[in-house]
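Residue-level listing of the chains:
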Amino acid sequence: MKMKKFFVAVIFFPIALISFAFADSVGESGKTEKFTLKNGIPVYIKNNEESDLCAVYAVIKGGVEYLTPETSGLEAAVLSLMSMGSKNYSYEELKSFSYETQGGFSSYSINDGSVYGMSCISKYFDETFARFADSFFYPEFSAREYEILMQGYRQNVAVRMNDPSGIMFYYMNKIIYSGHPYSASTEVTQDSIENITLEAIKNYYSTLKDSRRISFVATGNIDSKKLVEILDGTFGKIKSLSVELKSDSIPEIKISGAPVVLVHQSASGAGHALRVFASPKVESPDYPVARIAANIFSDVLFNVVREKYGICYTPSSSISSSDAPFGYEFLFRVSNFEQLAKAMSEARSFMENGTLISGKNKNGEYITEPLENRLQGYKNSYINRKYSTQDTCSGVASRMAASLLQFGDIDSADALTEIVKKCTAEQVISVFKKYWIEESFRWFAVVGPESEESVEKILGDM
């Protein structure tokens with residue numbers, strides 16, 4: 001793969017001291033209670049007595065601010081290896097237990113922090129929690145399981161770096177977040193994989209046991225008093241570390257500059273293109289409206305860029321969710337860069353005018369209708385997708401955890417839905433113009449060697 005010269009290439013979870021007066025609600029089914037462990041760790045419990053399942057998630061605030069590009073994915077690696085064997089439960093025993101009970105551990109990381117949790121059938125709670133706590137406090141970190149983990153990471157990195165679109169997104173992130181806290185990634189990358197050593201995992205693990213950074217969320221058929229007692233006897237013993245906490249102040253990004261054109265032989269004849277711009281922060285009232293706008297615009301792009309002009313196989317638009325996010329237009333397998341500017345301009349004009357394509361007449365001309373006629377359908381789709389995961393206890397717990405990490409409470413994520421319910425066509429158009437049209441941007445592309453110069457010129461003129 002050849003890189004353009006205008007950037008540097010660097011290839012890629014005493015009981016008597018509990019005060020139940022801290023409860024925010026009466027603990028009815030579906031209500032949320034809040035408790036505080038003796039060391040200050042907050043616990044949020046959403047009970048559902050009709051469920052046979054339960055989930056308990058440790059939410060660890062911090063995320064990529066504690067990492068560097070060279071240690072990307074280290075926090076996620078620590079949590080993954082924690083679940084692969086502990087002092088009293090081997091990896092094989094944990095796998096067998098999970099198979100027999102259909103319960104087990106899960107973890108994930110986002111920019112704002114990580115989640116390490118357990119889920120199980122309620123009758124297996126005691127056995128599952130014993131394994132969960134043991135894995136958190138006494139992980140084995142064995143060399144054998146470490147190697148299994150790293151084999152998976154190496155395969156993921158190899159697949160990503162041999163896929164043209166994966167390479168394009170990788171370098172896009174690398175460039176727009178250069179010098180920014182988000183220059184570190186939650187995923188293991190080609191830059192960091194050699195630094196994810198067993199020793200680094202062991203060292204980083206100790207930083208996670210800090211009561212100031214931990215919260216708990218729990219859902220399902222759970223005895224709240226019992227859970228808090230158990231948590232206080234285990235996680236309530238975690239002390240606060242003396243190290244200074246990160247400020248949690250993430251600077252905004254401004255995206256601009258000359259096109260970045262990458263060369264990969266597999267992109268010959270049909271490359272990929274990406275136009276990137278700054279988008280609204282997740283706490284901004286513009287954020288949920290921008291998600292609606294992106295969904296609508298993706299359909300417009302399909303109608304115009306693919307169906308009318310036949311320029312690419314799949315066009316789409318989306319925005320990321322963070323404190324320094326970006327939006328993008330992604331054109332997958334572009335076979336005609338020459339007409340790209342015309343097609344994209346025409347697609348954007350539909351959005352600017354608040355007009356959607358509903359079909360074609362017998363002469364092949366577009367039949368259009370006002371955006372407001374179909375807005376409710378897009379709003380319903382957004383709401384359905386947002387809550388579809390809440391069919392499970394784990395889904396509810398995951399949503400509560402994500403809200404804690406991104407907003408500092410368990411309710412703010414739901415406020416986004418209220419904004420969507422009330423948003424108008426005029427607001428969608430205004431947000432589209434503000435970010436997709438008026439924001440500065442930068443083009444990224446990956447093409448075959450034969451198209452490098454021409455595509456660079458085309459994108460530079462757009």
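Residues numbered from 1 in each chain as written. Predicted model: local features only at pLDDT ≥ 70, side-chain atom pairs only at ≥ 80, totals over all residues. Heavy atoms only, no water.

Asker: Describe in detail the overall build of the protein chain, supporting the description with residues and values.
Answerer: Counting its regular elements, the protein chain contains 14 helices and 13 strands. Against the globule reference of 23 Å for 462 residues, the protein chain gives a C-alpha radius of gyration of 24 Å, in line with a compact fold. Viewed in the frame of its principal axes, the protein chain has a C-alpha envelope of about 75 × 50 × 40 Å. The buried share of the protein chain, taken over its 462 residues, is 50%. Within the structure as shown, the protein chain displays about 20400 Å² of accessible surface, and the carbon and sulfur contribution to it stands at 49%. Looking at charge distribution, the protein chain has the averaged site of its 47 positive side-chain charges lying 2 Å from that of its 56 negative ones. (Helix = DSSP H or I, 4+ residues; strand = E, 2+ residues; numbered from the N terminus. Rg over C-alpha atoms; globule rule 2.2 N^0.38 Å. Buried < 20%, exposed > 50% of the residue type's maximum accessible area, 1.4 Å probe, protein only. Areas by Shrake-Rupley, 256 points an atom, 1.4 Å probe, with all protein chains shown as cover. Lys, Arg positive; Asp, Glu negative; His and termini not counted. Charge placed at Lys NZ, Arg CZ, Asp CG, Glu CD.)

Asker: Any details on the layout of surface pockets? Residues and values, ideally.
Answerer: Reported here for the second largest pocket is a volume of approximately 210 Å³. In this structure, the second largest pocket is lined by 13 residues; those nearest its centre are E252, I253, A278, S279 and E439. In terms of residue class, the lining of the second largest pocket is built from six nonpolar, two polar and five charged. (1 Å grid on protein atoms, 1.4 Å probe; cavity = no way out; pocket = protein on both sides within 12 Å on 5 of 7 lines; lining within 4 Å. Points joined across faces, edges and corners; volume = space filled by probe spheres on them. Nonpolar A, V, L, I, M, F, W, Y, C, P; charged D, E, K, R; others polar.)

Asker: So what's going on with the packing of aromatic side chains? Which residues, and what values?
Answerer: According to the stated counting rule, one finds 25 aromatic pairs in the structure shown. Residues F169 and F330 carry aromatic rings whose centres are separated by 5.1 Å and whose planes lie at 80° to one another, so their mutual orientation is edge-to-face. Placement of F169 in helix α5 (residues 164-176) and of F330 in strand β10 (residues 326-334) is noted, with a sequence separation of 161 residues between them. Among the residues examined, F169 registers a relative accessible area of 22% and is labelled partly exposed. Residue classification places F330 among the buried residues on the basis of a relative accessible area of 13%. Plain terms: the ring middles of Y170 and Y171 are 5.0 Å apart, the flat faces sit at 80° to each other, and that makes the pair edge-to-face. Looking at Y171, the relative accessible area reads 0%, which means it is buried. Put simply, the rings of F105, Y116, F125, F129, F132, F136, F137, Y138, F216 and F235 pair up and form one aromatic cluster. For the cation-ring pair, R213 lies above Y66, with the distance from its terminal atom to the ring centre recorded as 4.1 Å. (Phe/Tyr/Trp six-rings, centres within 6.5 Å; stacked < 30°, edge-to-face > 60°. Lys NZ or Arg CZ within 6 Å of the ring centre and 35° of its normal.)

Asker: Can you break down helix α6 (residues 198-208) residue by residue, with the values?
Answerer: Helical geometry note: an α-helix holds 3.6 residues per turn, so side chains three or four residues apart project in the same direction. For α6, the complete set of buried residues consists of L198, A200, I201, Y204, Y205 and L208. Along the axis of α6, the buried residues cluster in a sector spanning 145°; they form a single face. (Arc of directions from axis to C-beta.)

Asker: Residues and numbers for the pattern of salt bridges, please.
Answerer: Inspection of every chain in the model, using the stated rule, returns 18 salt bridges. With a closest N to O distance of 2.8 Å, R154 and E147 form a salt bridge. The salt bridge partner of E346 is K308, with a shortest N-O separation of 2.8 Å. With a gap of 38 residues between them, E346 in helix α9 (residues 340-352) and K308 in helix α8 (residues 286-308) connect regions that are remote in the sequence. Its relative accessible area of 44% is what places K308 among the partly exposed residues. One continuous salt-bridge network, built from bridges that share partners, spans R275, E329 and R348. (Salt bridge = Lys/Arg side-chain N within 4 Å of Asp/Glu carboxyl O.)

Asker: Explain empty space enclosed by the protein to me, and be specific about the residues and the numbers.
Answerer: Here the largest cavity is characterised by a volume of approximately 40 Å³. Surrounding the largest cavity, 13 residues form its lining, G63, L67, E75, S109 and T186 being those nearest its centre. Among the secondary structure elements, those contributing two or more residues to the lining of the largest cavity are α1 (74-82), β4 (104-110) and β5 (113-121). The leading source of residues in the lining of the largest cavity is α1, at three residues.

Asker: Quick one: what's the story with the packing of α1 against helix α4 (residues 143-161), residue by residue and with numbers?
Answerer: Helices that pack against each other are described as a pair by the angle of their axes relative to one another and the distance between those axes. Across the interface, α1 lies against α4 with an axial gap of 10 Å and an inter-helix angle of 135°. In terms of axis orientation, α1 runs oblique to α4. Relative to α4, the crossing made by α1 is right-handed. Where α1 abuts α4, its residues A76, A77, S80 and L81 lie against E145, Y146, L149 and Y153. Looking at the contact of α1 with α4 residue by residue, the classes come out as six nonpolar, one polar and one charged. (Axes fitted to C-alpha atoms, helices over the stretch in contact; angles between N-to-C directions. Parallel < 35°, antiparallel > 145°, perpendicular 65-115°, else oblique. Left-handed = near helix turned anticlockwise from the far one by under 90°. Contact = heavy atoms within 4.5 Å.)

Asker: Please set out the nonpolar core residue by residue, giving values where relevant.
Answerer: Formed by 76 residues in total, the largest nonpolar core has its most connected members in V78, I176, I201, F216, F235, V276 and F444. Here this core gets seven residues from one element, more than from any other, and that element is α5. Residue contacts for V276: discarding those within four places in its chain leaves M172, I176, I255, F326, G327, Y328, S440, F441, R442 and F444. (Core = buried A, V, L, I, M, F, W, Y, C linked by side-chain atoms within 4.5 Å.)

Asker: Would you mind going over the sheet that holds strand β8 (residues 271-278) in detail, with residue names and values included?
Answerer: Ordered in space as β7-β13-β8-β10-β9, the five strands form an open sheet in which the pairing is mixed. Pairing within the sheet leaves two strands with one partner each, and these edge strands are β7 (260-263) and β9 (312-319). Ignoring which end each strand starts from, the neighbouring axes of this sheet average 10° apart. As judged from the seven bridges shared by β9 and β10, these two strands associate in the antiparallel manner. Directly across from C312, in β10, lies its bridge partner V334. Here helix α14 (residues 452-460) sits on the sheet in contact with β7 and β13 (441-447), set at roughly 160° to β13. (Pairing = 2+ DSSP bridges.)

Asker: Quick one: what's the story with the side chain of E346, residue by residue and with numbers?
Answerer: You can call E346 buried: its relative accessible area is 17%. Contacts of E346, omitting those with residues within four sequence positions, involve V304, K308, Y309 and Y366.

Asker: Provide a residue-level description of the pairing of β13, including the pertinent values.
Answerer: With six of its seven residues buried, β13 lies for the most part within the structure. Bridging between β7 and β13 involves four bridges; their strand directions are parallel. Bridge pairing in β13 links V260 to F444. As judged from the six bridges shared by β8 and β13, these two strands associate in the antiparallel manner. Bridging from a neighbouring strand, H272 pairs with V446 of β13.

Asker: Residues and numbers for α14, please.
Answerer: If you check which residues of α14 are buried, you get E452, V455 and L459. Each buried residue of α14 sits inside an arc of 70° when the element is viewed along its axis, so together they form one side. Opposite its buried face, α14 presents the exposed residues E453 and K457, each directed more than 90 degrees away. Contacts made by the buried residues of α14 are with β7, α9 and β13.

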